Amino acid sequence: MSLVLETALIVFARPPQPGRVKSRLAASIGEYAAAEIYARLLGQALALAADWTGPKIIAAADAA
């Protein structure tokens with residue numbers, strides 16, 4: 001029996017809500033601007049994940 005190991009891609013993210021993401025960045029540019037940057041970065045990560053041919057897990061989290 002051969003054991004095949006595959007590398008899985010995992011994207012774990014939270015909703016891009018002002019005041020809930022990128023808090024250190026928000027301290028200097030504001031909560032809304034930081035949330036916009038986070039949303040753009042998340043969009044890029046998800047676009048890259050769409051091209052991944054191996055196993056992938058996309059998970060969303062909310063503090064509530």
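If you're wondering where the values come from, they're calculated on a predicted model, not measured in any experiment. (Residues numbered from 1 in each chain as written. Predicted model: local features only at pLDDT ≥ 70, side-chain atom pairs only at ≥ 80, totals over all residues. Heavy atoms only, no water.)

### As for helix α2 (residues 31-51)
The terminal C-alpha atoms of α2 lie 31 Å apart, and with 21 residues this matches the ideal 30 Å at 1.5 Å per residue to within 8%. Every buried residue of α2 is accounted for by A34, A35, Y38, L42 and A49. Down the axis, α2 shows its buried residues gathered within 95° of arc, on one side only. In α2, the exposed residues that point more than 90 degrees away from the buried face are Y32, R40, Q44, L48, A50 and D51. Those residues of α2 that are buried lie in contact with β1 (9-13), α1 (23-29) and β2 (56-60). (Helix = DSSP H or I, 4+ residues; strand = E, 2+ residues; numbered from the N terminus. Expected span 1.5 Å × (residues − 1). Buried < 20%, exposed > 50% of the residue type's maximum accessible area, 1.4 Å probe, protein only. Arc of directions from axis to C-beta. Contact = heavy atoms within 4.5 Å.)

### A short note on the pattern of salt bridges
Under the defined criterion, the tally for this structure stands at one salt bridge. Close ionic contact of E36 with R40 constitutes a salt bridge, the shortest N to O distance being 2.9 Å. Here R40 and E36 lie together in helix α2, a separation of four residues that amounts to about one turn. The exposure class assigned to R40 is exposed, which follows from its relative accessible area of 58%. (Salt bridge = Lys/Arg side-chain N within 4 Å of Asp/Glu carboxyl O.)

### Comments concerning unusual backbone geometry
Look at K22: it is not a glycine, yet its phi comes out positive at around 50°. Counting through the fold element by element, K22 comes out in the loop between β1 and α1.

### Observations concerning the nonpolar core
Residues V11, A13, V21, A35, Y38, L42 and A49 constitute the largest nonpolar core, which totals seven residues. Considering every element that reaches this core, the biggest residue donor is α2, with four residues. Apart from the residues within four sequence positions on either side, A13 is in contact with Y38, L42, A59, A60 and A61. (Core = buried A, V, L, I, M, F, W, Y, C linked by side-chain atoms within 4.5 Å.)

### Describing a nonpolar patch on the surface
Together, I10, F12 and I57 make up a nonpolar patch on the protein surface, roughly 350 Å² of accessible area in all. With respect to the element layout, I10 can be found in strand β1. Given a relative accessible area of 56%, I10 falls into the exposed group. (Patch = residues over 30% accessible without salt bridge, like charges linked within 9 Å, V, L, I, M, F, W, Y side chains within 5 Å. Areas by Shrake-Rupley, 256 points an atom, 1.4 Å probe, with all protein chains shown as cover.)

### Brief notes about the environment of G54
Within the secondary structure layout, G54 lies in the loop between α2 and β2. It is 7.2 Å that separates the C-alpha atoms of G54 and E6, two residues lying 48 residues apart in sequence.

That's the geometry; what it means functionally is another story.
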